[in-house]
Amino acid sequence: LTLYAENGVITLTGSAGGNFGSVTAFGSINAKTATAAKNISFNNGLSLTGTADNFISAGGTIAFINNLNQSSTGKIYLIADNTGTGTGTVTFTGGIIISTGAIDIYYNPNTFGVQDTIYSGSGAATKYMWIVMLGGASDTTTRSLASLSNGGASGSENYALAKDIDAAATVGWNFNSQYFNGFIPINFSGKFDGMGHVISNLYINRPVNFANGLFGSVSFFGMPNSFIRNVGVVNANITGNSSTGALIGSLFPYNNLTVSVYNVFSTGVVSISNIGTGSSSWVGDINSTPAATISYGGLIGFSAASISDSWSSVTVYAPTANNVGGLVGEFRNNNSFAPVISNSYSTGNVMAWGNAGGLVGAMTDTTGLDAQITNSYSTGNVNVIYNNAGGLVGQIVRGTITKTYSTGSVAGRVNVGGLIGQNQANGSVSISFFDTETSGRSTAVGSNAGTVTNVTGGCYTGSSCANGGTANLSASATFSNSPYSWDIGTTTSNTWVIFAGKTRPMLGTEYTSNS
């Protein structure tokens, strides 16, 4: 098929597997889209203008025989091998000339883990190498998660998932008695784009090792604008020592203001050892000293970077650990900027020795700018053996919380609150809610030495709430009226969505018309 277009849209679709062959486009095509099942070749180059993003996607290779001229303020996405076969790249006989906007390239390099120099000319593009398979336990050369895990590919480069990956085979990998088996966490410092795909059935059993998760230690030192985005870890089974989460064990960007994690999620189990996930699986003396383990989270164990538009439904079982949360175990600044958790939520149950919350276990800043949590919530139950249990956050050493709520039951021995367990002198909590009925708590904060403003208890109907609650937590006005002033309505244009008498608040990013 040869296709001629001037100022038109090239859109080629077909049945599964595609009915179209290679495409050659002659002429200059402005601010449009091209999609093909096999190859795309622009013999006379391509010029893009306007403000919209531009997507050029091929099942095989995308070839530019002449220059690609980018004067659009939108981004250009060049996506080769869009079904993840492991074959297909982007080539330039000419170069890329960028005056505005940006270009992202998704492709298969000649050697996995080593970026190809695939163009010349002025301007630059961000290149992502495709991961197309799980690989084998000892792989170091395939385009796989295993190659990245085993050090065959550099962890400081940029990668993207080309397809969903079932990691069930990892349960039989790297067996070394009870102390080590399963997938080896990836140590990472580049950019990772999951492209909306999921990694399912990931198994890690490293009860004596630190920093466990799909990504073990993520440290973006000297890597500006780095991120992990658009990926889910589903039905994970992760066991580890301190700093353990389903997606990331430890995330510390060092003095980098532009690192972020967004649009990610997790389900499954995160635990301190392989002794089970039920409360009856652990027996100990409540007055004894627990093991010196910290930072277990349903998504991330320890984080000093911003997290947005993310969620977790992971059971987190760490009965001898401190700083345990449904989303993040420990959240703090990195001494040069204040990270923010926003538009995020957790639904998994949490068990810990101390400092445990439905969303975050502990906010542990001691100096510098405050870490922040805003427009987020949790519904999971929190069970703490000893101290500092909160429906949302277990302990605030330093930090700011605003526009949040929690509904899970909360149990513990010392400093137990429906929303916050312990709020120290440098902690601030405002315009937030907790459910007195489902939490089993009459007070929002178990122990408070900081600032608490406009934090209110209620229940689903607001009528005869147990434990003294008065707010109707299924009424839009409860949240929108002064002094709370949440951006809440019935469409995804709102930060929060609620249907009076039918739902509690949900985030606009999670709501669909089928909810």
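These lines cover the structure that appears in this document, whether it is placed above or below. (Residues numbered from 1 in each chain as written. Predicted model: local features only at pLDDT ≥ 70, side-chain atom pairs only at ≥ 80, totals over all residues. Heavy atoms only, no water.)

1. A few points about the pairing of strand β23 (residues 248-251)
- Alignment of strand β20 (residues 215-218) against β23, held across three bridges, turns out to be parallel. Across the sheet, residue F215 finds its bridge partner in β23, namely I248.
- Direction of pairing for β23 relative to strand β26 (residues 300-303): parallel, over a ladder of three bridges. Counterpart to S250 in the pairing with β26 is F302. (Pairing = 2+ DSSP bridges. Helix = DSSP H or I, 4+ residues; strand = E, 2+ residues; numbered from the N terminus.)

2. What to know about the environment of I294
- For I294, the position within the fold is in strand β25 (residues 293-297).
- For the pair I294 and N323, spaced 29 residues apart in sequence, the C-alpha separation works out to 5.5 Å.
- Aside from chain neighbours lying at most four places away, what touches I294 is S242, S243, N322, N323 and E330. (Contact = heavy atoms within 4.5 Å.)

3. With respect to the state of the cysteines
- Enumeration over the complete set of coordinates arrives at one disulfide.
- Between the sulfur atoms of C459 and its disulfide partner C465 the distance amounts to 2.1 Å. Across the S-S bond of C459 and C465 the torsion is about -70°, and the bridge reads as left-handed.
- On the accessibility criterion, C459 (1% relative accessible area) is buried. (Disulfide = S-S within 2.5 Å. Buried < 20%, exposed > 50% of the residue type's maximum accessible area, 1.4 Å probe, protein only.)

4. Focus on the pairing of strand β35 (residues 393-406)
- Burial analysis of β35 places twelve of its 14 residues in the buried class, the great majority of the element.
- With four bridges joining them, strand β32 (residues 360-364) and β35 adopt parallel strand pairing. Directly across from M363, in β35, lies its bridge partner I396.
- Inspection of the sheet shows strand β33 (residues 372-378) paired to β35 by six bridges, in the parallel sense. Bridge assignment links Q372 to a residue of β35, and that residue is T400.

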